[in-house]
Amino acid sequence: MASFVFPHPDFYGQHVPAQPAPAGGAARNPAAGGDFVNLLLLADLALYDKPDDVRDRAGTLIERAEKIDDPALRRIVLFSLSKVVNAPENVAAIRREHLARVGAHFHELAAAARKGNRDADALAAVQIALKCDPANTEARLLFASLIEPKAALQTLHYGIKFLDLKSELAPAYFNRYFGALADLQQDRIAAKQALALLGSGTLPPAVRTVVANHAAMALFWIGDCTDALRILDEEKLSETQQGLILKARCLFETRRTREAVALLSEKVNAFPAAKRDVILSQIARFQLSTGDVAAALDTTNRRISENPSAPQPYLQRLLLLERLGRTESRDAEIAAAFDAFSSQQSALLTLANFAAETGVPAVAETCVERASEKRFPPNVFVSALIEAFVTAGEPEKAILAYQNISKNSPKALEGCEAANSAILAAAYALAAKKNPDAASARTQAGHADLLLGQFLADASLSPENFAAVTQLFERVGETGLALRVAQAGLGAFPWHSQLRANVVSLRIRLGAIDGNADRTPLAKEIRVLAAMRRPSPEIWSEIARWLDSGKTALPPQEIAALKKLVAPLVRDDLQAHGTPRALD
């Protein structure tokens, strides 16, 4: 068993608020009514000391066990009860064997339910499996995959004490545990714990490789690239695709940009074609970040030649051609993408999202038509069309499109209610801004406020949802509403560094510097952000310009302290290239 102990997640440095469990889980969980589970666990038998009392209680339970619907489960319980009746003095050993069988049965049920996409049933079954056998590593991994991030972290943390480091599942378990820390951006905790494990000298090779990879990644995220590079080299991790890319990113973050590109360019051909695309994609990102658009185009062309079935490189090439001023190729590139990918739902969705974020309604309309022809679910394609109108600065068309679809094909909107509320809020806000009639504009602004409220009231929103809607409002020039969304997102996910960076950026642009009942002083937000996972680097340049602007209303000593904090993080050698989410 594992011999090390980690602090409980409740005591980790950054607050990670709980979120609801999957819908339907509690309602359909047999554990919600204790009698059934107590019968399955033979829990009553543990209440008696005298063999005769144990025998008598087992006899009364047999009648109840006869009513269990599941034939296999009924046989297990009746068999165990009959053994107790015949040998009540052995009840402890019989019950241990019984729990192992019941646990295995419910684990099988949970695995089958998960495979059939019945997550509520899987959640109910796997919880019973773990009640029977808390040391069931496979069941604990399944349970963690069914629950929200903080609960997953806590159950994985609890299970470490049962973990056999030499078991086949140990590498997967640590990968999932450190993955749960990464999901909540608890990078400093992950780095500290991974480094402690690496220093223990007790890890089997496969486990050590997993832990070392997570240690290097966590160190990278908190900006300690020197130690990350040391681990990558000592553990020989850069021989893998993942490790090679991480090493290049560490070099890039330490301003060794040419060395980073050269490393990937030198090593890429050593990998099979299936693994080269992600390396080439990283090279193109580096080139684009340093302003070498022509080189990024050459790399993207190579991606297309080696992997012609992937849609993202085609759209990336389109953006690069426009960046180079070669707009005459746009229609041909889009037509080629449709010809190649319109029969693939995921690829067509990428095209639709691209159209939504770049404001090309004609492309989005074609995506809706192709989706209808192929009988793909229409909801996301319809939302992309409405968003494309908004991004293109045509809010009236967005509103009219939604009204027509809502009237004629309401089912085409189902499942995207929150997204549509946000998109329509942006449409009404933009329409109000353009409306010369003051009274009508106020009505439209009221609609925007109401619709945005509906979006923010959705309890299922993720950090990515908040970030995407923030970007939408920024695209249409509604900075105030963008801040409202970003602030709400940060309230729900205070551990998410990019949401905090968005808040800081928007507050700088709006001059919302001072704190109030709902807002932390901006200087404090910057200090907190500097201690978190590294967000997109543009924010540090923006903060530095603000500190030099004379508009901070901060004491000189505080300005000096913030400049000293931010200066090492500023990357003026990079260019913000604004790649749409669809291409990330």
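Below is a short write-up of the structure. Everything numeric here is computed off the predicted structure, so don't read it as measured data.

The N-to-C vectors of helix 15 (residues 293–306) and helix 16 (residues 312–323) enclose an angle of 155 degrees; their axes lie 9 Å apart at closest approach. One way to sum up the angle between helix 15 and helix 16 is to call them roughly antiparallel. In this structure, helix 15 crosses over helix 16, and the sense of that crossing is left-handed. Listed contacts from helix 16 to V293, A296, L297, T300, N301, R303 and I304 of helix 15 are P313, Y314, Q316, R317, L320, L321 and R323.

Another point: unusual backbone geometry. The phi torsion at L42 lies on the positive side, around 55 degrees, for a residue other than glycine. Within the secondary structure, L42 is located in the loop between helix 1 (34–41) and helix 2 (51–65). Phi at N117 is positive, roughly 60 degrees, even though this residue is not glycine.

This paragraph deals with helix 13 (residues 257–267). Those residues of helix 13 that fall on the buried side of the exposure criterion are T257, A260, V261, L263 and L264. Take helix 13 and look down its axis: the buried residues cluster within an arc of 155 degrees, on one side only. Set apart from the buried face of helix 13 by more than 90 degrees, the exposed residues are R258 and E266. On its buried side, helix 13 packs onto helix 12 (241–253) and helix 14 (273–289).

Next up on the list: the environment of V504. Along the polypeptide, V504 turns up in helix 26 (residues 497–510). For the pair V504 and A371, spaced 133 residues apart in the sequence, the C-alpha separation amounts to 39 Å. For V504, the residues in contact, after removing those within four places along its chain, are L522, E525, I526, L529, I539 and I543.

Taken as a whole and assessed by the stated rule, the structure comprises 1 cavity of 30 Å³ or more. Empty space within the largest cavity amounts to approximately 30 Å³. If you go around the largest cavity, the residues you meet are P134, A135, N136, T137, R140, G159, F162, L163 and Y173.

Applying the stated criterion to the full structure yields 0 disulfides. Free of any disulfide, C250 has its nearest cysteine sulfur in C225, 4.3 Å distant.

The next subject is the packing of aromatic side chains. Pairs of aromatic rings are described using the distance from one ring centre to the other and the angle between the two planes. Tallied over the full model, the rule gives 9 aromatic pairs. Their ring planes at 75 degrees and their centres at 6.1 Å tell us that F455 and F466 sit as a pair that is edge-to-face. With F455 in helix 23 (residues 438–456) and F466 in helix 24 (residues 463–475), the pair connects residues that are 11 residues apart, well separated along the chain. In this structure F466 comes out as buried when scored by relative accessible area, which is 5%. An aromatic cluster of at least three residues, connected via ring pairs, comprises F455, F466, F493 and W495. The ring centre of W221 lies 4.4 Å from the NZ or CZ of R533, which sits over that ring. Residue placement shows R571 over the ring face of F252; its charged tip is 5.5 Å from the ring centre.

Further remarks concern the pattern of salt bridges. Counted under the stated rule, the structure contains 26 salt bridges. E387 is the partner of R475 in a salt bridge, and the nearest nitrogen-oxygen pair spans 2.5 Å. Taken as a pair, R475 in helix 24 and E387 in helix 20 (residues 379–391) lie far apart in primary sequence, 88 residues in all. On the accessibility criterion, E387 (11% relative accessible area) is buried. One salt bridge in this structure joins E394 and K397, with 3.5 Å as the shortest N-O distance. The class of E394 is partly exposed, set by a relative accessible area of 27%. Residues joined in a network through salt bridges with shared partners are D227, R230 and E234.

Before going further, it helps to spend a moment on the packing of helix 27 (residues 522–530) against helix 28 (residues 538–547). Axis separation between helix 27 and helix 28 bottoms out at 12 Å; the angle between their running directions is 145 degrees. Pair helix 27 / helix 28 crosses with left-handed handedness. Note on element contacts: helix 28 touches helix 27 through I539, W540, I543 and W546, opposite L522, I526, L529 and A530. Taken together, the residues of the contact of helix 27 with helix 28 sort by class into 8 nonpolar, no polar and no charged.

Cut-offs applied
- Residues numbered from 1 in each chain as written.
- Predicted model: local features only at pLDDT ≥ 70, side-chain atom pairs only at ≥ 80, totals over all residues.
- Heavy atoms only, no water.
- Axes fitted to C-alpha atoms, helices over the stretch in contact; angles between N-to-C directions.
- Helix = DSSP H or I, 4+ residues; strand = E, 2+ residues; numbered from the N terminus.
- Parallel < 35°, antiparallel > 145°, perpendicular 65-115°, else oblique.
- Left-handed = near helix turned anticlockwise from the far one by under 90°.
- Contact = heavy atoms within 4.5 Å.
- Buried < 20%, exposed > 50% of the residue type's maximum accessible area, 1.4 Å probe, protein only.
- Arc of directions from axis to C-beta.
- 1 Å grid on protein atoms, 1.4 Å probe; cavity = no way out; pocket = protein on both sides within 12 Å on 5 of 7 lines; lining within 4 Å.
- Points joined across faces, edges and corners; volume = space filled by probe spheres on them.
- Disulfide = S-S within 2.5 Å.
- Phe/Tyr/Trp six-rings, centres within 6.5 Å; stacked < 30°, edge-to-face > 60°.
- Lys NZ or Arg CZ within 6 Å of the ring centre and 35° of its normal.
- Salt bridge = Lys/Arg side-chain N within 4 Å of Asp/Glu carboxyl O.
- Nonpolar A, V, L, I, M, F, W, Y, C, P; charged D, E, K, R; others polar.

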